[in-house]
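# Remarks on the overall topology
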Amino acid sequence: DVKVTQSSRYLVKRTGEKVFLECVQDMDHENMFWYRQDPGLGLRLIYFSYDVKMKEKGDIPEGYSVSREKKERFSLILESASTNQTSMYLCASSRSSYEQYFGPGTRLTVT
Amino acid sequence: EDQVTQSPEALRLQEGESSSLNCSYTVSGLRGLFWYRQDPGKGPEFLFTLYSAGEEKEKERLKATLTKKESFLHITAPKPEDSATYLCAVHANSGYALNFGKGTSLLVTP
């Protein structure tokens, strides 16, 4: 069974804090993705990575950065959290043209 | 521009009442179309991949079909445990990422 894990299910942070969200997959997948999901807006791609140390911007990269130092781990960083970054964050992984497998999500609240 | 549209936005069915969810797409070359199920507060769970027009996949009460412009997720004799949001996504020739529709929220009542 493919397993994608995320470091926290729920997180509460203050405005201006630096926030790290971590994602680990155990299937040796090349590709990893970070999405955010908001009511009425659906899933929106923030960043993705197709190889170690490689990254590409998605549709809404502003205010976020990512790091992929090892194949199995992909981190999302909010440099200075803002209230409009309150959302559900979802990590996914996949092989090249195949289906993506998602983690359980992190519900982030920025106050 | 690639586009994925799901309809209806919400659907309420009686237990046993079969129906279909629609996913219409406009992409520059389809590499794959994916269906996911998402329960409240959880990550999407992969259901099916379809690669070419005419292809069909089945799992329990669910059957997914694909044409050149749309995909259907048929739900036969649904049960309350089928209640969830169903997401459709396409993978176009133009990149690595999936383009998701906004989903259909399905409620099956006893």
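So, a few notes on the structure that sits alongside this text.

What counts as what
- Position labels on residues start from 1 in each chain and follow its written sequence.
- Chain A is the first chain written and ligand 1 is the first ligand written, with later ones labelled in order.
- Thresholds applied to this predicted model are a pLDDT of at least 70 for local features of residues and 80 or more for the giving and counting of side-chain atom pairs; totals over whole chains, interfaces and linings are not thresholded and use all residues.
- As a rule here, side-chain values cover all heavy atoms of the structure and leave hydrogens and water aside.
- Note on contacts: a residue pair qualifies if any of its non-hydrogen atoms lie within 4.5 Å across the two residues.
- Buried area counts how much accessible surface, traced with a 1.4 Å probe, disappears from two parts once they are put together, with both parts' losses summed.
- Take a side-chain nitrogen of Lys or Arg and a carboxyl oxygen of Asp or Glu: if they are within 4 Å of each other, that pair is a salt bridge.
- Distance and chemistry together define a polar contact, namely a pair of N or O atoms within 3.5 Å, with one atom able to donate a hydrogen and the other to accept it when in protein, and with adjacent residues in sequence counting only for side-chain atoms on both sides.
- In DSSP terms, a helix is any run of H or I states spanning at least four residues, a strand is any run of E spanning at least two, and both are numbered starting from the N terminus.
- Each residue receives one of three labels: charged for Asp, Glu, Lys and Arg, nonpolar for Ala, Val, Leu, Ile, Met, Phe, Trp, Tyr, Cys and Pro, and polar for the others, Gly being one of them.

A separate point is the interface of chain B and chain A. With 18 residues of chain B at the interface, the matching set in chain A holds 22 residues. The contact between chain B and chain A buries some 1,600 Å² in all, and 59% of this surface belongs to carbon and sulfur atoms. Between the two partners, chain B and chain A, sit zero salt bridges. For the pair chain B and chain A, the interface holds six residue pairs in polar contact (both at pLDDT 80 or more). Counting only elements with at least two residues in the side of chain B that touches chain A, the list comes to strand 4 (30-38), strand 5 (45-50), strand 9 (84-92) and strand 10 (98-100) of chain B. For the side of chain B that touches chain A, the per-class residue count stands at 10 nonpolar, five polar and three charged.

Below, the discussion takes up the side chain of N31(A). If you trace the backbone, N31(A) turns up in strand 4 (residues 31-38). Engagement of the side chain of N31(A) in a polar contact is seen with the backbone oxygen of R95(A), the distance being 3.4 Å. The contacts of N31(A), once residues within four sequence positions are left out, are S49(A), Y50(A), R68(A), A92(A), S93(A), S94(A), R95(A), S96(A) and Y96(B).

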